[in-house]
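# Results of the structural survey
Here is how the chains run, residue by residue.
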Amino acid sequence: MSVVLPGRLRLTVLGCSNAVPHPDAPASGYLVEWAETAILLDVGQGVARRLERLMDPRTLAAVFVGHMHADHYLDLAGMRYLYPWAGRPPRRLPVHLPPGGRARLDALTVAISERPTFFDDAFEIAEYTSDDVLRVGPLTLRFQRSRHYVPAWGVSIEAPDGTRIVYTGDTGPNEEMVDFACDADLLLVEAALRSTADDDPERGHLTADEAVDLASRARARAALIVHYDPTRRADLEAMCDATGPWVRPAIAGLVRTVSPRPVVAGSGAPLVLEP
Ligand SMILES: [Zn+2]
Ligand SMILES: [Zn+2]
């Protein structure tokens, strides 16, 4: 069981890899905690097993999926098998899917040869919209449509002390995401591409340079680069070293606690730390 300081927002990176399997690097999965409230952002391959090292996934307050690509939701199937095959548990796990996600999950039920109520018997499934403001315990969640090959959303999680973690999800360059992430205390920004030449002309991912640019223009207090091939880590470390200590490549197992910005005595204004 993980230990969480009361009154602090905390992130644990369960996985931040791309869709290619790696022995020590699960796909997308981020645990965000405030006191006893734990929510999971994305459930890519390998994430459920990694989460079980820390907690019983059935005690999560909620799960949020940003988009319906395998590396962001396929382990929902694995998590489902933690529940009895037949009947409904006293509490079903709230699972929030993007618009259209419900139909994808129904199709997955058929694809894995399970009965129609397979997911509903364990999960309380809902679809959010871009305009929703959802409250999970003391946390407030908002959503932003990203720029991807399929409908996809980023998410902002705000704690009672005003601190905010923002996760872009999969996205190409996107000014609305810059605005959405503005002044984030901790920004998880994807950098799936080695080069823009690897992307579709419509753009659906970022290079590391573009990720840092997005985080800089959003004035993020700290940023973690996510959704990258682990074999690129040394290159990303070097790039971050040259950029500044405020941005680092994430790695599975990394834990970050988010403290409120210090307030300058007498002014009431937050002291903006040099990024
Ligand atoms: Zn994707
Ligand atoms: Zn992805």
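An account of the accompanying structure is given in this report.

Definitions and cut-offs
Residues numbered from 1 in each chain as written. Chains lettered and ligands numbered in written order. Predicted model: local features only at pLDDT ≥ 70, side-chain atom pairs only at ≥ 80, totals over all residues. Heavy atoms only, no water. Helix = DSSP H or I, 4+ residues; strand = E, 2+ residues; numbered from the N terminus. Rg over C-alpha atoms; globule rule 2.2 N^0.38 Å. Buried < 20%, exposed > 50% of the residue type's maximum accessible area, 1.4 Å probe, protein only. Contact = heavy atoms within 4.5 Å. Areas by Shrake-Rupley, 256 points an atom, 1.4 Å probe, with all protein chains shown as cover. Salt bridge = Lys/Arg side-chain N within 4 Å of Asp/Glu carboxyl O. Donors = N, O, S within 2.8 Å, 3.2 Å for Na, K, Ca; no water. Tetrahedral: all angles 85-135°; square planar, octahedral: opposite > 155°, others 65-115°. Arc of directions from axis to C-beta. Pairing = 2+ DSSP bridges.

Time to look at the overall build of the protein. Helix and strand counts for the protein stand at 7 helices and 14 strands. Computed over the C-alpha atoms, the radius of gyration of the protein is 18 Å, within 12% of the 19 Å expected from 2.2 N^0.38 for a compact globule of 275 residues. Viewed in the frame of its principal axes, the protein has a C-alpha envelope of about 60 × 45 × 35 Å. Within the protein, the proportion of its 275 residues that are buried is 53%. Considering only contacts within the protein whose residues lie at least 6 apart along the sequence, 60% involve residues at least 24 apart. As displayed, the protein has an accessible area near 12,000 Å², and 54% of this comes from carbon and sulfur atoms.

So, about the pattern of salt bridges. Here the structure, examined in full by the defined rule, presents 18 salt bridges. Arg 233 serves as the salt-bridge partner of Glu 237, at 2.9 Å between the closest nitrogen and oxygen. Residue Glu 237 and its partner Arg 233 are located together in helix α7 (residues 233-243), separated by 4 residues, close to a single helical turn. For Glu 237, a relative accessible area of 19% gives the class buried. Residue Arg 233 is classed as partly exposed on the basis of its relative accessible area, which comes to 29%.

Let us look at the coordination of the zinc ion (ligand 2). Around the zinc ion (ligand 2), the donor atoms from the protein are Asp 71 (OD), His 72 (NE2), Asp 170 (OD) and His 227 (NE2), and they sit 2.1 to 2.2 Å away. The site at the zinc ion (ligand 2) holds 4 donor atoms, and with the angles between them running 87 to 170°, its shape is irregular. All donor residues of the zinc ion (ligand 2) come from one chain, and their arrangement in sequence is D-H-x97-D-x56-H. The two metals, the zinc ion (ligand 2) and the zinc ion (ligand 1), are separated by 3.4 Å and share Asp 170 as a common coordinating residue. Of this pair, Asp 170 sits in the loop between β10 (164-167) and α5 (175-180) while His 227 sits in the loop between β12 (223-226) and α7; the two residues are 57 residues apart in sequence, bridging distant segments of the chain. With relative accessibility at 4%, the residue His 227 sits in the buried group.

Distances from the zinc ion (ligand 1) to its protein donors, His 67 (NE2), His 69 (ND1), His 148 (NE2) and Asp 170 (OD), fall within 2.1 to 2.4 Å. Counting the intervening residues between successive donors of the zinc ion (ligand 1) yields the motif H-x1-H-x78-H-x21-D. On the accessibility criterion, His 69 (24% relative accessible area) is partly exposed. Look at Asp 170 and you get buried, because its relative accessible area is 3%.

Time to look at helix α6 (residues 208-217). Those residues of α6 that sit buried are Ala 208, Ala 211, Val 212, Leu 214 and Ala 215. Along the axis of α6, the buried residues cluster in a sector spanning 160°; they form a single face. Where α6 is buried, its residues meet α5, β11 (186-190), β12, α7 and β13 (247-249). In the stretch just after α6, Arg 219 is the one whose phi turns positive, near 55°.

For strand β5 (residues 93-97), the tally of buried residues reaches 5 of 5 residues, placing the bulk of the element in the interior. Neither face of β5 is open: one carries Leu 93, Val 95 and Leu 97, the other Pro 94 and His 96, and all of them are buried. Across 2 bridges, strand β4 (residues 62-64) lies against β5 in parallel orientation. Its bridge partner lying in β5, Phe 64 is registered against His 96.

Keep in mind these numbers describe shape, not what the thing actually does.
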